[in-house]
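Here are the chains, one letter per residue:
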Amino acid sequence: MTPLVLDLQDIRKVYGEGETAVHALRGVSLAVEPGDYVAIMGASGSGKSTLMNIIGCLDVPSSGSYRLDGTDVGVLDDVRLAIVRNRKIGFVFQSFNLIPRMSALMNVELPLAYGGIKAAERRRRALAALERVGLADRVHHQPNELSGGQQQRVAIARSLVNAPTLLLADEPTGALDSTSTRDVLAIFDQLSLTGRTIVVITHESDVAAHAKRVVRLMDGQIVEDVRRSDVAGPPPRLEEVAG
Amino acid sequence: MNAFEVLRFAARGLAANKMRSALTTLGILIGVAAVILLVAVGEGASREIQSNIQRLGANSLTVSSTTAGGGGGGGGFARLLGGGGGGPQQGSGPRTQAKDLTVDDARALADKSATPSVKSVSPIVNANNQTTTYEGASHSIQQLVGTYPSYFEASNKPVVKGTYFYNDDVLAARKVIVIGQTVAENLFGDLDPIGKQINVSGVPFTVVGVLKESGSTGFQDGDDVAIAPLPAVQQSLTGFGPLGQILVQATGADTVDAAQSEITAVLDQRHGITGTATADYRILNQATLQETVSAATGVFTMLLAAVAGISLLVGGIGITNIMLVTVTERTREIGIRKAIGAPKGAILGQFLAEATMLSLVGGLLGVLVAVIGAQFTIAGVSPVVVPSSVALALGVSVAIGLFFGSYPANRAAKLRPIEALRFE
Ligand SMILES: Nc1ncnc2c1ncn2[C@@H]1O[C@H](COP(=O)(O)OP(=O)(O)OP(=O)(O)O)[C@@H](O)[C@H]1O
Ligand SMILES: [Mg+2]
């Protein structure tokens, strides 16, 4: 049996200490199987971003254990964590987070460069990833020459290019208009169809409606966990968007 | 990530802030150029002085009087540098009745039994700034020397055109003269001066030879000279007073010191100098002089290099400063890079490469500026670029990049990804 992509056990996160301590996560346990498409919802301040940072190995939990694709991330050192972030996780941020003054192609190539892949192979894979998000004609544009939707698609291409185990997106459509939102969600649906594991954080129910499973967070705890469609099956809104 | 890619990222980072990079580079450029150029000026000055000393003649010793009015002239060095090479006879102590240098002194020095290490002795009188005319042309000869034929060899002044004068000319006090290039040009232009008669302060002299060009020395024109037989000059220009100097040539480089002590013995005896009494003459030994002068110019060059080194250090601090600003400014970018899996080494490498590139480019441009600058005469000295100073300045500038860049680069590499990403 393939291991769970995510296996969080009683994750807690406390910011600060003493009187001013903020309990951002109060014991979150979550298991995600390969191929699942999970939306994490919740009000502002409910701990969504905190959870995402921990899942993405950008931050460490105050307590609890976390296995990513079968590996216990808590015991890894800096060097190994960098490798995990590079190989296993693809990030999509609300604010795109492309590197300025670098072309779309170079931005997409960057994870491959850090992964030690040769230049020719890198270029080939980066172009393929950009093609996949429909930006084959914009590869030499810099971020400031692209629209928000296009920038987010470059960011998605960058997150996919290393074929990560998990695609992690924090409010990926938060800064986009409805058309761009539709583009991005269509890409996610396609990716889900091909079996990619996706975790999307959002507070828009329209976005969550595309996921196979919706987890609701409140005050740092999971209060609801609903499956909308089968892990192995297609995402629920696939037809609608494609048509 | 290979090295080439790290360099490419670094070049990109620098290109993003052209003005800032250029100014930082300028700081290093000035430092490196200053080090190389100032050392070159020091070296140039030192070589010039050395060659001036050499021009006094090979294995030669200049004896000059320390009585008032005695040591005038003498190629400028007796006056300028006499303090450096005087030997043990100097100092102020009780002085017996001071005697001037005379032709008899010179004769005594030429006595082979008393001074076996002496090859030749040339008594010298100086008649400086003599107005000389030839037909319409007029020129003031800076240094006119009355002496013996041995002077030409001892003072390293070969003749290129015409002849020297000979012992006969001296004995007969013939008014013949050998002139330097400057004198020949000013009086004769393109004409052949040989056999022509010139008027030196109203006295007619026949030109028999022209000296080889010796070049300007920075202190005076080495070619603005004329040499005539001693008695002729005494008769017509200076009168039969004391000698200016006596130029003594030793038999070889290894007998210069022996010659000096022989001269001392002879002159001490002739001038009645005994025990603690201070001599009324001094001997300028070329070798001693050279050592003293090179020690002095060495210190001088070191001082120049130290001053320049400080400006290089300031340039280095400029690099730290700019790199700290860059790291702060690009914290978010560092966060993104870390989020997509940049290892610590890649971030460290990128910022170190940026700092080193700044300093290396600055260093190379500095070398260029210094090499160009060294083509010009600076403060009367033609600088001589010392290769080791170029290597040192370049090496130091790269080391500065690595050293001053490592603190900001380390700070960037150590940033926690989440903190870097949250940075506003
Ligand atoms: N670095 C921090 N230091 C202190 N407290 C923090 C920090 N980051 C988050 N918090 C607190 O933790 C709680 C959860 O924050 P989090 O950013 O996870 O919320 P969120 O669900 O992502 O909200 P939003 O939808 O507004 O993005 C909040 O109360 C927040 O104030
Ligand atoms: Mg958030």
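Notes on the structure in this doc start here. (Residues numbered from 1 in each chain as written. Chains lettered and ligands numbered in written order. Predicted model: local features only at pLDDT ≥ 70, side-chain atom pairs only at ≥ 80, totals over all residues. Heavy atoms only, no water.)

**What about a nonpolar patch on the surface?**
Residue and element names in this part refer to chain B. This is how it is decided: Patches were defined on residues exceeding 30% relative accessible area and lacking a salt bridge, with like-charge contacts within 9 Å and nonpolar side-chain contacts (Val, Leu, Ile, Met, Phe, Trp, Tyr) within 5 Å. Only the protein chains shown count as covering a residue, and every accessible area follows the Shrake-Rupley method with a 1.4 Å probe. For this document, the term salt bridge refers to a Lys or Arg side-chain nitrogen within 4 Å of an Asp or Glu carboxyl oxygen. Helix and strand assignments come from DSSP, with helices taken as H or I runs of at least 4 residues and strands as E runs of at least 2, each series counted from the N terminus. A 1.4 Å probe rolled over the protein chains alone gives each residue an accessible area, and that area as a share of the maximum for its type sets the label: buried under 20%, exposed over 50%, partly exposed in between.
Residues Val361, Leu365, Leu368, Ile372 and Phe376 make up a contiguous nonpolar surface patch of roughly 470 Å² in combined accessible area. Along the chain, the position of Val361 falls in helix H12 (residues 344-373). Residue classification places Val361 among the partly exposed residues on the basis of a relative accessible area of 39%.

**Focus on the sheet that holds strand E2 (residues 22-32) of chain A**
Residue and element names in this part refer to chain A. Note the threshold: Two strands qualify as a pair provided DSSP detects at least 2 bridges between them. Here a residue-residue contact requires only that any non-hydrogen atoms of the pair lie within 4.5 Å. Interaxial angles span 0 to 180 degrees and are taken between N-to-C directions of axes, which are lines fitted to C-alpha atoms, for helices over the stretch in contact.
The four strands lie next to each other as E2-E1-E4-E5, forming an open sheet whose pairing is antiparallel. Across the chains shown, the open sheet's two edge strands, defined by having one partner strand only, are E2 and strand E5 (71-72). The pairing of strand E1 (residues 6-15) with E2 spans eight bridges and is antiparallel. The residue of E2 that forms the bridge with Leu6 is Val32. Where helix H1 (residues 48-55) meets the sheet, its contacts fall on E1, E2 and strand E4 (63-68), and the angle it forms with E1 comes to roughly 125 degrees.

**Describing the packing of helix H1 (residues 3-15) of chain B against H12 of chain B**
Residue and element names in this part refer to chain B. Quick reminder of the rule: By convention, the crossing between two helices is left-handed when the near helix turns anticlockwise from the far helix through less than a right angle, and right-handed when the turn is clockwise.
The geometry of H1 relative to H12 is characterised by a closest axis approach of 8 Å and an angle of 65 degrees between their N-to-C directions. Here H1 runs over H12; the crossing is right-handed. Along the contact surface, H1 presents Val6, Leu7, Phe9, Ala10, Ala11, Gly13 and Leu14, while H12 presents Gly349, Gln350, Ala353, Glu354, Met357 and Leu358.

**Let's talk about the sheet that holds strand E10 (residues 221-227) of chain A**
In any sheet, the strands associate via hydrogen bonds between backbone groups, in a parallel or an antiparallel arrangement. All names here are of chain A. What the six strands build is an open sheet, ordered E6-E7-E8-E3-E9-E10; its pairing is mixed. One side of each edge strand has no neighbouring strand; the edge strands of this open sheet are strand E6 (89-92) and E10. Averaged over all neighbouring strand pairs, the angle between strand axes comes to 15 degrees, with direction disregarded. Where strand E7 (residues 166-170) meets strand E8 (residues 197-201), five bridges bridge the pair, whose relative direction is parallel. Of the residues in E8, the one forming a bridge with Ala169 is Val200.

**Section: the pairing of strand E9 (residues 213-218) of chain A**
In the case of a regular strand, side chains alternate between the two sheet surfaces. Residues and elements named next belong to chain A. Examined bridge by bridge, strand E3 (residues 37-42) and E9 share five bridges and lie parallel to one another. Residue pairing across strands places Ala39 opposite Val214, the latter belonging to E9. Alignment of E9 against E10, held across six bridges, turns out to be antiparallel. Of the residues in E10, the one forming a bridge with Val214 is Val226. The turn joining E9 and E10, which pair antiparallel and follow one another in sequence, is formed by two residues; a positive phi near 50 degrees is taken by Asp219.

**Some words on the site of ligand 1**
Rules: Whether a residue is near a molecule or strand is decided by its heavy atoms; if any one of them lies within 4 Å of it, the residue is near. Each polar contact in these results corresponds to two N or O atoms within 3.5 Å; when the atoms are within protein, one needs to be able to donate a hydrogen and the other to accept it, and residues that are neighboring in sequence are counted only if both atoms are side-chain atoms. Each residue is assigned to one of three groups, with Ala, Val, Leu, Ile, Met, Phe, Trp, Tyr, Cys and Pro labelled nonpolar, Asp, Glu, Lys and Arg labelled charged, and all others, Gly among them, labelled polar.
In the vicinity of ligand 1 there are 13 residues, among which Ser44, Gly45, Lys48, Ser49 and Thr50 of chain A approach most closely. Near ligand 1, residues from chains A and B are present, making the site a shared one. A distance of 3.0 Å separates an oxygen atom of ligand 1 from a polar atom in the backbone of Gly47 of chain A. Against a free-state accessible area of 640 Å², the protein chains account for coverage of 62% of ligand 1. Listed by contribution, the elements that provide at least two residues to the shell around ligand 1 are E2 and H1 of chain A. With three residues, the top contributor of residues to the shell around ligand 1 is H1 of chain A. Looking at side-chain class alone, the shell around ligand 1 contains four nonpolar, six polar and three charged residues.

**Notes on the interface of chain A and chain B**
Counted only if it meets this: Note on terms: buried area is the combined drop in 1.4 Å-probe accessible area of two parts once they are placed together, counting the loss on both.
Taken together, the contact between chain A and chain B spans 24 residues of the former and 24 residues of the latter. Roughly 2200 Å² is buried in total at the junction of chain A and chain B, and carbon and sulfur atoms are behind 58% of that figure. Contact with chain B buries area across many residues of chain A, yet Leu58, Arg101 and Tyr114 of chain A alone supply 29% of it, more than any other trio. Our enumeration of links across chain A and chain B arrives at one salt bridge. One salt bridge connects Arg416 of chain B with Asp59 of chain A, and the closest N-O pair in it is separated by 3.4 Å. Viewed at the interface, chain B and chain A are joined by eight residue pairs in polar contact (both at pLDDT 80 or more). Among the elements that line the side of chain A that touches chain B, the one with the most residues is helix H3 (residues 104-114) of chain A, at five residues. Tallied by class, residues from the side of chain A that touches chain B come to 13 nonpolar, five polar and six charged.

**Examining empty space enclosed by the protein**
Threshold: Cavities and pockets were defined on a 1 Å grid built from protein atoms only: a cavity is a group of points that admits a 1.4 Å probe but offers it no way out, a pocket is an open group of points flanked by protein on both sides within 12 Å along at least five of seven lines, and a lining residue is one with an atom within 4 Å of any such point. Grid points are joined across faces, edges and corners, and a volume is the space filled by probe spheres set on the points.
By the definition in use, this model includes five cavities of 30 Å³ or more. Considering only enclosed or pocket space, the second largest cavity measures out at about 130 Å³ in volume. If you trace the second largest cavity, you find 14 residues lining it, with Arg101 of chain A together with Arg12, Gly13, Arg330 and Glu333 of chain B closest to the centre. Contributing elements (two or more residues each) for the lining of the second largest cavity: H1 and helix H11 (331-339) of chain B.

**Observations concerning the layout of surface pockets**
In this structure, the largest pocket occupies an estimated 450 Å³ of space. What lines the largest pocket is a set of 27 residues, and nearest its centre among them are Cys57, Asp78, Leu81 and Arg85 of chain A together with Pro417 of chain B. Of all the elements in the fold, those that place two or more residues in the lining of the largest pocket are E4 and helix H2 (78-87) of chain A together with helix H13 (387-414) of chain B. Looking at the lining of the largest pocket element by element, the count peaks at five residues for H2 of chain A. Residue classes in the lining of the largest pocket are distributed as 16 nonpolar, three polar and eight charged. In this model, the second largest pocket occupies a volume close to 380 Å³. Put simply, the parts of the chain that give the lining of the second largest pocket at least two residues each are H1 of chain A together with helix H14 (417-422) of chain B.

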